[in-house]
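Spelled out, the chains give:
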Amino acid sequence: MGADGLGAVSLASGPIPADQHWAVGPMPRLGGYYLAITHGGVTMSPFIGQAVADEIMRNRIRPELADCRPARFFN
């Protein structure tokens, strides 16, 4: 609590890759690690959740995520 008896407030910016695109997919050279970073998490969470579940649990590649793969940072 703050000195005035009210709760503390903190601000932070959300994770946004430099190219402004999501980063969703498996991490290159790091087996078993899957990344999901987006600035539209609140509005897009139903889609992202389903897409990530399809890829991880059902081994189904989602073509909608092609431009969002973290591999683009490691070329």
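Here, every reference points to the structure presented above.
Residues numbered from 1 in each chain as written. Predicted model: local features only at pLDDT ≥ 70, side-chain atom pairs only at ≥ 80, totals over all residues. Heavy atoms only, no water.

Notes on the overall build of the protein chain
Part 1 of the reasoning: Looking only at helices and strands, the protein chain has 1 helix and 2 strands in total.
Part 2 of the reasoning: For the protein chain, the succession of helices and strands along the chain, N to C, is β-β-α.
Part 3 of the reasoning: Residue burial in the protein chain is summarised as follows: out of 75 residues, 25% are buried.
Part 4 of the reasoning: Put simply, of all contacts in the protein chain between residues at least 6 apart along the chain, 42% involve residues at least 24 apart.
Part 5 of the reasoning: Summed over all atoms, the accessible surface of the protein chain reaches about 5500 Å², with 61% contributed by carbon and sulfur. (Helix = DSSP H or I, 4+ residues; strand = E, 2+ residues; numbered from the N terminus. Buried < 20%, exposed > 50% of the residue type's maximum accessible area, 1.4 Å probe, protein only. Contact = heavy atoms within 4.5 Å. Areas by Shrake-Rupley, 256 points an atom, 1.4 Å probe, with all protein chains shown as cover.)

A word on unusual backbone geometry
Part 1 of the reasoning: Residue Gln20 is not a glycine yet carries a positive backbone phi of 70°.
Part 2 of the reasoning: Note on placement: Gln20 falls in the segment before strand 1 (23–26).
Part 3 of the reasoning: Although it is not a glycine, Arg29 adopts a positive phi angle of roughly 60°.
Part 4 of the reasoning: Its place among the elements puts Arg29 in the loop between strand 1 and strand 2 (34–37).
Part 5 of the reasoning: Using a relative accessible area of 70% as the deciding quantity, one classes Arg29 as exposed.

Notes on the nonpolar core
Part 1 of the reasoning: Trp22, Val24, Ile48, Ala51, Val52, Leu65 and Cys68 form the largest nonpolar core, which has 7 residues in total.
Part 2 of the reasoning: With 3 residues, the single largest contributor to this core is helix 1 (residues 41–58).
Part 3 of the reasoning: The residues contacting Ala51, other than those within four sequence positions of it, are Arg62 and Leu65. (Core = buried A, V, L, I, M, F, W, Y, C linked by side-chain atoms within 4.5 Å.)

Digging into the environment of Ile56
Part 1 of the reasoning: Of note, Ile56 is situated in helix 1.
Part 2 of the reasoning: Once the C-alpha coordinates of Ile56 and Gly25 are considered, the two residues, 31 residues apart in sequence, prove to be 9.2 Å apart.

Brief notes about the environment of Asp19
Part 1 of the reasoning: With respect to the helices and strands, the residue Asp19 is situated in the segment before strand 1.
Part 2 of the reasoning: A relative accessible area of 32% places Asp19 in the partly exposed class.
Part 3 of the reasoning: Taking C-alpha positions, Asp19 is 9.9 Å from Phe73, a pair spaced 54 residues apart along the chain.
Part 4 of the reasoning: Contacts of Asp19, omitting those with residues within four sequence positions, involve Arg72 and Phe73.
Part 5 of the reasoning: Polar contacts involving the side chain of Asp19 include one to the side chain of Arg72, which spans 2.6 Å. (Polar contact = N/O pair within 3.5 Å; in protein donor to acceptor, adjacent residues only side chain to side chain.)

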